[in-house]
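Below, each chain spelled out in residue letters.
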Amino acid sequence: MFARLQTASGNLAEGTWTKPGRVVRPTVMLDARDSRRRTAALAMLAATGLYLLFEVPFGSLVLDVVGSSATSAEIERLEWTGRIFTALAVLIVVWGTLFDRYVEGVADMRRTVISLAVAAVLVVPVVHQAVWYGVEAFVASSSPAARQRAANAQLLRTELFSAKPRIAGLPVDPGVLSRPEWKAFAAAAPLVGIAEPRALASLAPSFQALLRRNVEERMGGPEEFRRKEFEPALAELHKAYDGYRDGVKARADALGSLSQEADRRWKAWHDFMLKVSNPPMAFSPADVRNLRAKLATQGLRMTDDQDPRSERDFRRTVLGDAGKPAEAAFDARVREALGADGTLPRDIDSFARFAAQVPVQARIRSLLGMADGGAPIPVDAEGAAFEKGVYRPAVDAVQRRLSASYLGDPATFADGRTDGQLGRDVFRASLVPPVALVLSLLGILVHTFKFSNYALILRSLGRPGNAGRSRRGRHVRIVLGICVVLAALVAIAPATTRLTGSDFVATADADAARSLPWLPFAAVSGPIRAEAAIYPVKHALAGLPHFALVAAVVRAAGSK
């Protein structure tokens with residue numbers, strides 16, 4: 001009898017004592033502000049979600065690259081790509097502030113869209129370059145001692161990726177480098193300077209052998225060395241030879257008129273000597289002195305060791321000071337061509353003979369980073385002759401120089417010194433992978449927070465009243481959720497591996513705590529465990545088709 005009770009407003013709702021059934025949530029009508037808020041939340045949810053689809057697998061790519069025998073070109077491309085993602089992360093934050101203005105009604109949709117486009121054009125290149133300048137400034141401010149430690153740490157990395165790595169206190173099993181904790185170790189270890197300037201000699205069976213492998217790895221083998229080092233040096237020598245030939249021609253042109261004058265005067269002088277001698281050209285010592293005096297009256301003064309009967313001495317005397325500017329110009333051309341002082345014959349007629357000259361050999365050895373002395377460098381060697389005569393001596397020379405630098409005075413790594421550029425390069429190579437991992441992790445955390453925040457905002461807009469609209473409440477729930485997920489991942493991962501439990505990593509943690517007090521004690525083992533825990537999630541997303549292009553761009557740098 002109660003099923004059809006009517007009220008003044010119509011039928012009684014379902015779910016009351018008069019009509020059992022499901023509870024129907026009342027429809028919430030959105031006002032203009034909530035409508036704008038919904039639009040902004042949907043847009044930012046899409047932007048942050050798309051960003052996370054690329055940033056999360058990028059962390060896996062960072063470990064895969066640095067956890068292998070990657071080339072410096074791959075590291076540089078990885079750093080460039082990481083700066084792109086960092087710039088996009090900042091852009092999304094900027095977009096969030098622009099949408100806040102839209103939600104508050106300060107800007108309409110048309111103005112907001114224009115602002116978003118302008119922000120994309122400005123923020124991405126500015127942040128991309130700002131991160132680069134920041135890294136370069138940090139590298140430039142690094143001390144010579146820090147660069148020396150970075151160079152030694154790169155030696156450790158060379159040993160780690162060798163066929164049979166043997167490092168004191170570090171268990172290395174076959175296939176172990178494919179595990180995420182080892183990849184994280186390869187990325188994080190160089191940053192904390194785990195190698196003291198003189199410690200590497202005890203880490204590997206032979207420091208010199210380790211250093212040699214590092215040098216050969218950097219040179220890339222005979223063919224790579226020929227393409228990147230020797231051929232550019234050879235091109236410089238050809239330019240120097242062209243400069244020498246130009247100098248010879250300019251000297252001949254300058255001396256041409258003087259030579260004609262010398263010919264004319266020699267003919268007249270020779271005719272005079274024939275006329276006054278009997279038999280022809282027979283002169284006593286007294287006659288020779290008289291001839292020298294006769295020339296002096298004509299303005300030609302010969303020294304006592306010069307013979308007035310000799311065409312060579314006569315021409316040299318005639319040319320005298322008049323030929324000095326041409327000779328000086330020729331010598332200046334030679335100095336300009338070789339980049340150093342040196343005397344070359346005036347009659348070189350081939351590049352092979354030019355390259356065999358001592359000043360030219362000194363130039364090519366300088367271009368190849370080799371000390372003066374030793375066997376001549378053959379400029380036309382090919383194949384095995386090139387490897388024996390050029391590549392091996394270059395490797396030996398670089399190894400001898402670096403051996404003194406790695407274990408000696410770190411001042412050689414200062415800017416402007418012998419290994420200043422090398423110090424910058426190895427310090428940057430040690431810095432980029434950890435920085436890329438830190439920025440990637442920071443971007444993931446921040447935008448996971450933002451993605452969750454926008455999702456909860458959308459959910460709250462479908463509720464009546466102020467349900468779910470407390471900003472503090474949303475933020476607390478998101479932070480707690482992220483902490484629970486991270487704790488679960490860490491709990492699933494093994495607490496201790498052979499790596500984190502090794503004497504080597506324990507010593508590395510202790511060294512890091514002493515040298516970098518602001519780091520936590522587990523400066524090495526902590527990031528290794530964390531990355532080992534979250535790597536499977538990153539790696540699963542990295543296998544999806546959408547990320548294949550990014551991985552291909554980075555990997556392609558290593559094949560050039």
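Residues numbered from 1 in each chain as written. Predicted model: local features only at pLDDT ≥ 70, side-chain atom pairs only at ≥ 80, totals over all residues. Heavy atoms only, no water.

**So, the overall build of the protein**
For step 1, the next point in the chain: When you go through the protein residue by residue, the secondary structure sums to 18 helices and 2 strands.
For step 2, the next point in the chain: Put simply, 71% of the contacts in the protein that link residues at least 6 apart link residues at least 24 apart.
For step 3, the next point in the chain: Accessible surface, the protein: about 29,900 Å² in total, of which carbon and sulfur atoms supply 60%. (Helix = DSSP H or I, 4+ residues; strand = E, 2+ residues; numbered from the N terminus. Contact = heavy atoms within 4.5 Å. Areas by Shrake-Rupley, 256 points an atom, 1.4 Å probe, with all protein chains shown as cover.)

**Points about the nonpolar core**
For step 1, the next point in the chain: In this structure, Phe225, Phe230 and Phe354 are the most contacted members of the largest nonpolar core, which totals 48 residues.
For step 2, the next point in the chain: Ranked by the residues each element gives to this core, the list is headed by helix α13 (residues 383-407), at 9 residues.
For step 3, the next point in the chain: Excluding residues within four positions of it along the chain, Phe354 makes contact with Leu237, Ala240, Tyr241, Tyr244, Leu338, Leu344, Ile348 and Val360. (Core = buried A, V, L, I, M, F, W, Y, C linked by side-chain atoms within 4.5 Å. Buried < 20%, exposed > 50% of the residue type's maximum accessible area, 1.4 Å probe, protein only.)

**Quick word on the pattern of salt bridges**
For step 1, the next point in the chain: In this structure the tally under the stated criterion is 15 salt bridges.
For step 2, the next point in the chain: If you follow the salt bridges from partner to partner, you end up with Glu136, Asp425 and Arg428 in one network. (Salt bridge = Lys/Arg side-chain N within 4 Å of Asp/Glu carboxyl O.)

**Quick word on the confidence of the model for the protein**
For step 1, the next point in the chain: In the predicted model, the protein carries a mean pLDDT of 78, and 79% of its residues have values of at least 70.
For step 2, the next point in the chain: Here strand β1 (residues 6-7) is the element of the protein with the lowest mean pLDDT, 40, and helix α3 (residues 109-141) is the one with the highest, 92.
For step 3, the next point in the chain: Scored below 50 in pLDDT, residues 1-21 makes 16 contacts in the model with residues more than four places away or belonging to other chains. (pLDDT = per-residue confidence, 0-100.)

**Thoughts on the packing of α3 against helix α14 (residues 420-461)**
For step 1, the next point in the chain: In the contact formed by α3 and α14, the axes pass within 10 Å of each other and the chain directions differ by 130°. Taken together, α3 and α14 sit at an angle that is classed as oblique. When you trace α3 past α14, the crossing you get is right-handed. Between α3 and α14, the contacting residues are Val135, Glu136, Phe138, Val139 and Ala140 on the first element and Arg424, Phe427, Arg428 and Leu431 on the second.
For step 2, the next point in the chain: A class-by-class count of the residues in the contact of α3 with α14 yields 6 nonpolar, no polar and 3 charged. (Axes fitted to C-alpha atoms, helices over the stretch in contact; angles between N-to-C directions. Parallel < 35°, antiparallel > 145°, perpendicular 65-115°, else oblique. Left-handed = near helix turned anticlockwise from the far one by under 90°. Nonpolar A, V, L, I, M, F, W, Y, C, P; charged D, E, K, R; others polar.)

**Some details on the side chain of Arg147**
For step 1, the next point in the chain: Position of Arg147 among the secondary structure elements: in helix α4 (residues 144-160).
For step 2, the next point in the chain: A distance of 3.5 Å separates a polar atom in the side chain of Arg147 from the backbone oxygen of Ala140.
For step 3, the next point in the chain: Not counting the four nearest positions on each side in its chain, Arg147 is found in contact with Val139, Ala140, Ser142, Phe413, Ala414, Asp415, Gly420, Gly423, Arg424, Val426 and Phe427. (Polar contact = N/O pair within 3.5 Å; in protein donor to acceptor, adjacent residues only side chain to side chain.)

**Details of the side chain of Glu79**
For step 1, the next point in the chain: Within the element layout of this structure, Glu79 appears in helix α2 (residues 72-103).
For step 2, the next point in the chain: At 2.7 Å, the side chain of Glu79 and the side chain of Arg83 are in polar contact.
For step 3, the next point in the chain: Residues contacting Glu79, with those up to four places away along its chain left out, are Trp132 and Val432.

**Re the packing of aromatic side chains**
For step 1, the next point in the chain: Tallying each qualifying case throughout the model produces 13 aromatic pairs.
For step 2, the next point in the chain: Between the aromatic rings of Tyr241 and Phe351, the centroid separation amounts to 5.8 Å while the plane-to-plane angle is 70°, which identifies the pairing as edge-to-face. Here Phe351 lies in helix α11 (residues 351-355) and Tyr241 lies in helix α7 (residues 221-276), a separation of 110 residues in the sequence. Like Tyr241, the residue Phe351 is buried in the burial classification.
For step 3, the next point in the chain: Joined through ring pairs, the aromatic side chains of Phe225, Phe230, Phe386 and Tyr391 make up one cluster.
For step 4, the next point in the chain: Over the ring of Phe386 we find Arg226, and its NZ or CZ is 4.6 Å from the ring centre. (Phe/Tyr/Trp six-rings, centres within 6.5 Å; stacked < 30°, edge-to-face > 60°. Lys NZ or Arg CZ within 6 Å of the ring centre and 35° of its normal.)

**What to know about helix α9 (residues 311-319)**
For step 1, the next point in the chain: Restricting attention to buried positions, one finds in α9 the residues Asp313, Phe314, Arg315, Thr317 and Val318.
For step 2, the next point in the chain: Between a side-chain oxygen at the N-terminus of α9 and the backbone nitrogen of Asp313 the separation is 3.2 Å; the capping residue is Ser310.

**A short note on a nonpolar patch on the surface**
For step 1, the next point in the chain: Taken together, the side chains of Val93, Leu439, Leu442 and Val446 make up a nonpolar region of the molecular surface, amounting to roughly 290 Å² of accessible area.
For step 2, the next point in the chain: If you tally residues by element for the nonpolar patch, the top one is α14, at 3 residues.
For step 3, the next point in the chain: Topologically, Leu439 is positioned in helix α14. (Patch = residues over 30% accessible without salt bridge, like charges linked within 9 Å, V, L, I, M, F, W, Y side chains within 5 Å.)

**Some points on the packing of α2 against helix α18 (residues 548-556)**
For step 1, the next point in the chain: Contact geometry of α2 with α18 gives a least axis separation of 7 Å together with a crossing angle of 145°. Along its contact with α2, which presents Glu74, Arg77, Leu78, Thr81 and Phe85, the element α18 presents Val550, Val553, Val554 and Arg555.

**Concerning the environment of Asp242**
For step 1, the next point in the chain: Structurally, the position occupied by Asp242 is in helix α7.
For step 2, the next point in the chain: Residue class for Asp242 comes out partly exposed when judged on its relative accessible area of 41%.
For step 3, the next point in the chain: For the pair formed by Asp242 and Phe351, sequence separation is 109 residues and the distance between their alpha carbons is 9.3 Å.

**Observations concerning the environment of Gly443**
For step 1, the next point in the chain: Secondary-structure assignment places Gly443 in helix α14.
For step 2, the next point in the chain: By relative accessible area, which is 7% here, Gly443 ends up buried.
For step 3, the next point in the chain: For the pair formed by Gly443 and Val90, sequence separation is 353 residues and the distance between their alpha carbons is 8.9 Å.

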